[in-house]
Amino acid sequence: QVQLVESGGGLVQAGGSLRLSCAASGGTFSMYAMGWFRQAPGKEREFVAGITWSGGSTYYAGSVKGRFTISRDNAKKTVYLQMNSLKPEDTALYYCAADPRLSTVVAVMAPRYDYWGQGTQVTVSS
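Residues numbered from 1 in each chain as written. Predicted model: local features only at pLDDT ≥ 70, side-chain atom pairs only at ≥ 80, totals over all residues. Heavy atoms only, no water.

Peer 1: A description of the nonpolar core should follow, citing residues and the corresponding values.
Peer 2: In this structure, Leu4, Met34, Trp36, Leu81, Met83 and Tyr94 are the most contacted members of the largest nonpolar core, which totals 37 residues. Within the residue set of this core, elements represented by two or more residues are β3 (18-25), β4 (33-39), β5 (46-51), β7 (68-73), β8 (78-83), β9 (92-99) and β11 (120-125). The leading source of residues in this core is β9, at 5 residues. (Core = buried A, V, L, I, M, F, W, Y, C linked by side-chain atoms within 4.5 Å. Buried < 20%, exposed > 50% of the residue type's maximum accessible area, 1.4 Å probe, protein only. Helix = DSSP H or I, 4+ residues; strand = E, 2+ residues; numbered from the N terminus.)

In structure tokens:
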């Protein structure tokens, strides 16, 4: 069983930056593809960014490409999401998730991910 704990959320002004972290325990982190999703009030959960188990491939939603960067440190069992040039529309609860399949392609659909954290709130003021 894998446990995921997100941190790093908060309140920031538009144009600012935040770095989210997701620490994993249990399981074999280095074998999991990792993803970040977000859910705003009244909206469905959406894919934000993902990284394969090796870190060799990343994929981003069009709305964040060029502003967000996903990375991982397998020794620390942690995945990061660096968010720059934040916009009010980035306001949401951000979740990290783990896909235990050794895929070389990042999955963008939530059901592909077996393990989820509790989320960390990101609020961007205008």
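Peer 1: Help me get a handle on the state of the cysteines, residues and values and all.
Peer 2: The final tally for this structure, using the stated rule, is 1 disulfide. Paired by a disulfide, Cys22 and Cys96 hold their sulfur atoms 1.9 Å apart. Judged by the torsion about the S-S bond (45°), the Cys22/Cys96 disulfide is right-handed. Here Cys22, found in strand β3, pairs with Cys96, found in strand β9; they are 74 residues apart in sequence, far enough to count as distant. A residue is classified by how much of its surface remains accessible, and Cys96, at 0% relative accessible area, is buried. (Disulfide = S-S within 2.5 Å.)

Peer 1: How would you explain the sheet that holds strand β1 (residues 3-7) if you had to name every residue and give the values?
Peer 2: Spatially, 4 strands are ordered β1-β3-β8-β7 in an open sheet, and the strand pairing comes out antiparallel. Here the strands that pair on one side only, and so sit at the sheet edges, are β1 and β7. When strand polarity is set aside, the average angle formed by the axes of neighbouring strands in this sheet is 15°. Both β7 and β8 contribute to a ladder of 6 bridges, which runs antiparallel. Bridging across to β8, Asp73 finds its partner in Thr78. (Pairing = 2+ DSSP bridges. Axes fitted to C-alpha atoms, helices over the stretch in contact; angles between N-to-C directions.)

Peer 1: Which residues make up the pattern of salt bridges, and what are the values?
Peer 2: Summed over the entire model, instances satisfying the criterion amount to 6 salt bridges. A salt bridge links Asp90 to Arg38; the nearest nitrogen and oxygen atoms lie 2.9 Å apart. Residue Asp90 is found in the loop between β8 and β9, and its partner Arg38 is found in strand β4; the two are separated by 52 residues along the sequence. Residue Asp90 shares its accessibility class with Arg38, and that shared class is buried. (Salt bridge = Lys/Arg side-chain N within 4 Å of Asp/Glu carboxyl O.)

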